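Residues per chain, in single letters:
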Amino acid sequence: MNLRQLRTRLSVSQPADAAGVSVCLDEKWEKFARQDPYRYILTSLAPSDTDEFWRSGERTVQRDFLPLLDLHRVPRLVCLEVGCGIGRLVLPLARSFQRAIGVDIAISMVARAASCAEDRGIANACYLVIRGPGDLLAQLQNHSGKCDFIYSLLVLQHVSDFATIQGYLGAIRHLLHPSGLAYLQFDSRPKSLSYRVKTALPDWLLPSLWRRGIRRIRRSADEIDAAIRTAGLEVVGELTPHTAYHRYILRRSPATAMSAL
Ligand SMILES: C[S@@+](CC[C@H](N)C(=O)[O-])C[C@H]1O[C@@H](n2cnc3c(N)ncnc32)[C@H](O)[C@@H]1O
């Protein structure tokens, strides 16, 4: 099946997002996916170095994910990536899980992830186009409380509407197994004066990677912590806090985990 056929098969016609949050598929990310997914996913990548792109995913899985999953004794049944792009992480991680699910807002990202999995003979991974957190819940309703590992890297940092982030946190809590783990990255650097000035400028004055859609949006740790608590999750660890690559390791908070039993 070629990329065009996959796009047709994956194109969505669902109703508005059930949570009423961020219902439109992201046109900017669709454009980025068609132009150069490698560059827009990994902005630090040297031009056309696709080998390094795939190696970087393999490294993250081997060095960051698997030791953490071992440490927390997370079962290896179902993993879910929110904002999977073309499968840089979900493809190598699929080898360690019975079933791997990647969801993304851009049809062309999902189509390419599916074709990359097919090329590599990975049969236990599946991909879904979603409209937002409510649609994620609707499409994965059979997976409520069944996902052992839910992760999202280089995604929430681009989401401008905080209600969408709050919606994803709620959806993640709902889908997470009571003993499962979530691993979410944010950019929590302080909002410096230069950041504020840059953010206020119109796109046409900015270099392409600083423009709306692809630029990173900084969130304060207080704001993220409050959203995590509101969603019924709790922080069990943090990696490189107050940086552009601040990762939160989360579980369902005990009260919500108990109520699911
Ligand atoms: C920088 S890429 C990261 C891809 C992948 N996580 C990785 O690390 O290789 C960001 C991805 O998030 C997706 N995305 C952006 N906004 C999203 C949203 N609101 N919901 C789901 N996916 C989103 C984009 O389409 C894109 O594939």
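What counts as what
- In every chain, residue numbers begin from 1 and rise along the written sequence.
- Two thresholds apply to this predicted model, a pLDDT of at least 70 for residue-level local features and 80 or more for giving and counting side-chain atom pairs, whereas whole-chain, interface and lining totals are computed over all residues.
- Near, as applied to residues and a molecule or strand, means the residue's backbone-placed C-beta atom lies within 6 Å of it.
- Residue type decides the class: Asp, Glu, Lys and Arg count as charged, Ala, Val, Leu, Ile, Met, Phe, Trp, Tyr, Cys and Pro as nonpolar, and the leftover types, Gly among them, as polar.
- Partly exposed residues are those whose C-beta has more than 12 but fewer than 20 other C-beta atoms within 10 Å; with 20 or more the residue is buried, with 12 or fewer it is exposed, and the C-beta atoms are placed from the backbone.
- A run of DSSP states H or I qualifies as a helix once it reaches four residues; a run of E qualifies as a strand once it reaches two. Both are numbered from the N-terminal end.
- In this description, strands pair whenever DSSP reports at least two bridges between them.
- A clockwise course of the path from the first strand over the helix to the second, judged with the strands pointing away from the viewer, identifies a crossover as right-handed.
- Note on definitions: angles span 0 to 180 degrees between N-to-C directions of axes, and those axes are lines fitted to C-alpha atoms, for helices only across the stretch in contact.
- With respect to orientation, any angle under 35 degrees is reported as roughly parallel, any angle over 145 as roughly antiparallel, any angle of 65 to 115 as roughly perpendicular, and every other angle as oblique.
- By convention the crossing between two helices is left-handed if the near helix lies anticlockwise of the far one by an angle smaller than a right angle, and right-handed if it lies clockwise.
- We call two residues in contact when their backbone-placed C-beta atoms lie within 7 Å.
- To estimate how far a helix should reach, multiply one less than its number of residues by 1.5 Å.
- Throughout this description, the term nonpolar core refers to a group of buried Ala, Val, Leu, Ile, Met, Phe, Trp, Tyr and Cys residues whose C-beta atoms join them within 7 Å.

In this section: the site of the ligand. Inspection of the region around the ligand gives 20 residues, with Trp-29, Gly-83, Gly-85, Arg-88 and Ala-106 positioned closest. Its residues placed into classes, the shell around the ligand shows 12 nonpolar, five polar and three charged.

With that settled, the discussion passes to the pairing of strand 3 (residues 125-129). Burial along strand 3 is one-sided: the face carrying Ala-125, Tyr-127 and Val-129 is buried and the face carrying Cys-126 and Leu-128 is not. With five bridges connecting them, strand 2 (residues 99-104) and strand 3 associate as parallel partners. Directly across from Ala-100, in strand 3, lies its bridge partner Ala-125. The β-α-β motif built from strand 2, the intervening helix 6 (residues 107-119) and the parallel element strand 3 has right-handed crossover chirality.

Here we take up the packing of helix 8 (residues 162-175) against helix 10 (residues 221-230). The geometry of helix 8 relative to helix 10 is characterised by a closest axis approach of 9 Å and an angle of 40 degrees between their N-to-C directions. Judged on the interaxial angle alone, helix 10 and helix 8 are oblique. Of the two possible hands of crossing, helix 8 and helix 10 adopt the one that is right-handed. Between helix 8 and helix 10, the contacting residues are Ile-165, Gln-166 and Leu-169 on the first element and Ala-227, Ile-228 and Thr-230 on the second. Counted by class, the contact of helix 8 with helix 10 contains four nonpolar, two polar and no charged residues.

Here strand 5 (residues 176-186) lies mainly inside the structure; nine of its 11 residues are buried. Looking at chain direction, strand 4 (residues 147-152) and strand 5 are connected through five bridges and run parallel. From the neighbouring strand, Tyr-151 faces strand 5, where its bridge partner is Tyr-183. At this point the chain moves from strand 4, through helix 8, to the parallel strand 5, and the crossover so formed is right-handed. Across five bridges, strand 5 lies against strand 7 (residues 246-252) in antiparallel orientation. Bridged to Tyr-183 within strand 7 is Ile-249.

The end-to-end C-alpha distance of helix 4 (residues 50-71), which contains 22 residues, comes to 31 Å, matching closely the 32 Å that a straight helix rising 1.5 Å per residue would cover. In this structure, the buried residues of helix 4 make contact with helix 5 (90-94) and strand 4. Just beyond helix 4, the residue with positive phi is Arg-73, at close to 50 degrees.

Here we come to the nonpolar core. If you look at the biggest cluster of nonpolar residues, it comprises 67 residues, and the most contacted ones within it are Val-90, Leu-93, Val-110, Ala-113, Ile-150 and Ala-182. Ranked by residue count, the leading element in this core is helix 6, at seven residues. Excluding its chain neighbours within four sequence positions, the residues that come into contact with Ala-182 are Ile-150, Tyr-151, Ile-172, Leu-176, Leu-233 and Leu-250.

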